[in-house]
Each structure stands twice: as C-alpha cells, then as structure tokens.
Amino acid sequence: MEISIQQVERASVVQLPQRMVLAGAAELRNTIRNHIEGACPRVVLDMSGVEFVDSSGLSVLVSALKAARAAQGDVVLLDPTEPVMALILLTRMHEMFEICRSLDAALEVFQAEEGEAA
C-alpha cells in the first residue's frame, strides 16, 4: 500500500487509500502515527478517494486522532465520499472530527486552533 504524505503550510496531508480495510489497517495506522509523533501533529486525512471503510479503517481514524491530540495536534477529515460520510454519520464520528470539503478550510481549522492557544 502506498501512502502519500505532503507537508502543506504547518500541517501534513495524508492521501488515504481507496479501501481502508483490515488487510492494510496496521500499516496505515503505523505510518500515520509515526508521522504524527516524528514530524507533525496537525494532520489532514484526505478521504476524497476513499470508496470503502470497514471497522478497522474507522479504528485507523480514531488512532490518528488520539495520537495527534496526545502530541497537542489534531486531525481533520477532508472531503469524505458520500458512502464514507454516511458511515461517519452512522457511527457519530462527525462528533469527534472536524470535517471539511476543501483543503483551505481544513488548514483554517488549524489556524483557528493556534489562535485560541495563543
């Protein structure tokens, strides 16, 4: 599984795979967690290309959020597809995560948080 991570301003954008399932969950979880702990605790998870998520995929999202918050950062979900958004709403994960439709909006979440911390 190839996972793309790009630095944009003071956040990292992680391009998630088309399918977030058990087979790749451990690798994805470790890659994101290692990046948060070693590079940047502010993460945008780009879900625009994700077509299917199972329970292990959801656990990757929660794991990323916990790691980011432990490092005084946060996670924003970027542009989930319609079927994935339905699952996010069903599991009430929208109450845990900021969800944005554009990268600019996602980056503004971090700017607002930095402003509140100052």
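Here, every reference points to the structure presented above.
Residues numbered from 1 in each chain as written. Predicted model: local features only at pLDDT ≥ 70, side-chain atom pairs only at ≥ 80, totals over all residues. Heavy atoms only, no water.

1. Here we look at the overall build of the protein chain
In step 1: Each helix and strand in the protein chain was counted, giving 4 helices and 7 strands.
In step 2: Starting at the N terminus and walking to the C terminus, you meet the elements of the protein chain as β-β-β-α-β-β-α-β-α-β-α.
In step 3: Relative to its length of 118 residues, the protein chain is compact, with a C-alpha radius of gyration of 13 Å against a globular reference of 13 Å.
In step 4: Overall, the C-alpha framework of the protein chain stretches about 40 × 25 × 20 Å when taken along its three principal axes.
In step 5: The burial tally for the protein chain puts 44% of its 118 residues in the buried class.
In step 6: Within the protein chain, contacts between residues at least 6 apart in sequence are counted, and of these 72% link residues at least 24 apart.
In step 7: As displayed, the protein chain has an accessible area near 6,300 Å², and 50% of this comes from carbon and sulfur atoms.
In step 8: Between the centroid of the 9 positive side chains of the protein chain and the centroid of its 17 negative side chains there is a distance of 8 Å. (Helix = DSSP H or I, 4+ residues; strand = E, 2+ residues; numbered from the N terminus. Rg over C-alpha atoms; globule rule 2.2 N^0.38 Å. Buried < 20%, exposed > 50% of the residue type's maximum accessible area, 1.4 Å probe, protein only. Contact = heavy atoms within 4.5 Å. Areas by Shrake-Rupley, 256 points an atom, 1.4 Å probe, with all protein chains shown as cover. Lys, Arg positive; Asp, Glu negative; His and termini not counted. Charge placed at Lys NZ, Arg CZ, Asp CG, Glu CD.)

2. Quick notes on the nonpolar core
In step 1: By size, the foremost hydrophobic cluster in this structure holds 27 residues, and its most contacted members are Leu 16, Met 20, Ile 32, Leu 45, Met 47, Leu 61 and Val 75.
In step 2: If you list the elements that add at least two residues to this core, you get helix 1 (22-38), strand 4 (42-46), helix 2 (55-70), strand 6 (74-78) and helix 3 (82-90).
In step 3: Considering every element that reaches this core, the biggest residue donor is helix 2, with 7 residues.
In step 4: In this structure, Leu 61 is in contact with Leu 16, Met 20, Leu 45, Met 47, Leu 77, Met 93 and Phe 97, ignoring residues within four places of it in sequence. (Core = buried A, V, L, I, M, F, W, Y, C linked by side-chain atoms within 4.5 Å.)

3. Overview of helix 2
Side chains three or four residues apart in an α-helix point the same way, a direct result of the helix having 3.6 residues per turn.
In step 1: Taking 1.5 Å per residue as the helical rise, helix 2 with its 16 residues ought to reach 22 Å, and the 23 Å between its terminal C-alpha atoms agrees with that figure.
In step 2: Taken residue by residue, helix 2 has Ser 56, Gly 57, Leu 58, Val 60, Leu 61, Ser 63, Ala 64, Leu 65, Ala 67 and Ala 68 as its buried positions.
In step 3: As for helix 2, its buried residues are in contact with strand 3 (19-20), helix 1, strand 4, strand 5 (52-53), strand 6 and helix 3.
In step 4: Of the residues trailing helix 2, Gln 72 is marked for its positive phi of about 60°. (Expected span 1.5 Å × (residues − 1).)

4. Here's the deal with the pattern of salt bridges
In step 1: Counted under the stated rule, the structure contains 3 salt bridges.
In step 2: The partner of Arg 69 in a salt bridge is Asp 74, and the shortest N-O contact between them spans 3.3 Å.
In step 3: Look at Arg 69 and you get partly exposed, because its relative accessible area is 44%.
In step 4: Here Asp 79 and Arg 101 are joined by a salt bridge, their closest N and O atoms 2.9 Å apart. In this pair, Asp 79 is assigned in the loop between strand 6 and helix 3 and Arg 101 in the loop between strand 7 (98-100) and helix 4 (103-117), connecting sequence segments 22 residues apart. (Salt bridge = Lys/Arg side-chain N within 4 Å of Asp/Glu carboxyl O.)

5. Examining the pairing of strand 2 (residues 11-15)
In step 1: Across the 5 residues that make up strand 2, a large majority, 4, are buried.
In step 2: Alignment of strand 1 (residues 4-8) against strand 2, held across 5 bridges, turns out to be antiparallel. Each bridged residue has a counterpart across the sheet, and for Gln 7 the counterpart in strand 2 is Ser 12.
In step 3: Between strand 1 and strand 2, which pair antiparallel and follow one another directly, the connecting turn spans 2 residues, one of which, Glu 9, has a positive phi of 55°.
In step 4: Relative to strand 4, strand 2 is paired through 4 bridges, and the arrangement is parallel. From the neighbouring strand, Gln 15 faces strand 4, where its bridge partner is Asp 46. (Pairing = 2+ DSSP bridges.)

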